[in-house]
Amino acid sequence: FKKWCVSFHGTKFDVAKNIVETGDFLMPGDKLPDGIVLQSVNCAGRQDHKVYSSPTINYAGLRFYARPREFPDRRSGQVVLQCRQKPDTFQIQGETMGFRKNGQRDLCPHVSDRQVEWTTDARKTLVAYGLMVRTWEKDQPPTKYFVSPVDRD
């Protein structure tokens with residue numbers, strides 16, 4: 001497990017809770033316990049039967065993926081799962097959401113946008129082991145990192 005790569009998966013709080021409880025990263029096309037077929041919501045209309053992760057939290061933590069949630073104490077927050085990913089079971093690709101077309105440049109000084117998405121269709125090769133939570137005052141969202149053109153109001 002120590003030789004597995006570190007990656008990050010940004011998602012909504014309720015989805016993160018389900019992943020932590022079950023250990024399963026579901027893919028578009030999977031049937032949920034209630035019979036509903038899972039649809040992708042952050043893939044520009046694609047329904048690829050794979051899970052996306054990233055070697056950088058700056059990309060996985062974009063509000064586009066790690067959807068913010070408001071808390072009763074006038075704070076907001078978002079969650080990213082820190083994962084281990086089995087080598088040779090994922091493909092590396094550039095960002096596919098078109099952020100570069102909108103003038104966005106590399107979000108992370110350590111990872112090029114041309115290598116920022118990892119995809120896998122191999123089950124049990126992506127394991128969450130950390131829960132990264134970021135909070136802020138409700139009316140003062142962070143401006144450094146975790147921001148993309150689609151995040152802007």
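Reading the values: the criteria
- Residues numbered from 1 in each chain as written.
- Predicted model: local features only at pLDDT ≥ 70, side-chain atom pairs only at ≥ 80, totals over all residues.
- Heavy atoms only, no water.
- Helix = DSSP H or I, 4+ residues; strand = E, 2+ residues; numbered from the N terminus.
- Contact = heavy atoms within 4.5 Å.
- Polar contact = N/O pair within 3.5 Å; in protein donor to acceptor, adjacent residues only side chain to side chain.
- Buried < 20%, exposed > 50% of the residue type's maximum accessible area, 1.4 Å probe, protein only.
- Pairing = 2+ DSSP bridges.
- Phe/Tyr/Trp six-rings, centres within 6.5 Å; stacked < 30°, edge-to-face > 60°.

1. Overview of the environment of Ser-54
Right, so step 1: With respect to the helices and strands, the residue Ser-54 is situated in the loop between strand 2 (51-53) and helix 2 (57-60).
Right, so step 2: Taking the C-alpha atoms as reference points, Ser-54 and Val-111, separated by 57 residues in sequence, lie 9.4 Å from one another.
Right, so step 3: Sequence-distant contacts of Ser-54, defined by excluding residues within four places in its chain, comprise Ser-7, Phe-8, Tyr-59, Ala-60 and Val-116.
Right, so step 4: Of the polar contacts made by the side chain of Ser-54, one reaches the backbone oxygen of Val-116; its length is 2.7 Å.

2. Notes on the pairing of strand 4 (residues 75-85)
Right, so step 1: Here strand 4 lies mainly inside the structure; 10 of its 11 residues are buried.
Right, so step 2: For strand 1 (residues 5-11) and strand 4, the ladder comprises seven bridges, and the chain directions are antiparallel. Bridge pairing in strand 4 places Ser-7 opposite Cys-83.
Right, so step 3: By the bridge criterion, 11 bridges tie strand 4 to strand 7 (residues 126-137) in an arrangement that is antiparallel.

3. Let's talk about the packing of aromatic side chains
Right, so step 1: Taken as a whole and judged by the stated rule, the model has six aromatic pairs.
Right, so step 2: Between the aromatic rings of Phe-1 and Trp-4, the centroid separation amounts to 5.4 Å while the plane-to-plane angle is 45°, which identifies the pairing as tilted.
Right, so step 3: The exposure class assigned to Phe-1 is exposed, which follows from its relative accessible area of 52%.
Right, so step 4: Look at Phe-1 and Tyr-129: their rings are 6.5 Å apart centre to centre, the planes differ by 85°, and that puts the pair in the edge-to-face class. One end of the pair, Phe-1, is in the segment before strand 1; the other, Tyr-129, is in strand 7, and 128 residues separate them in sequence.

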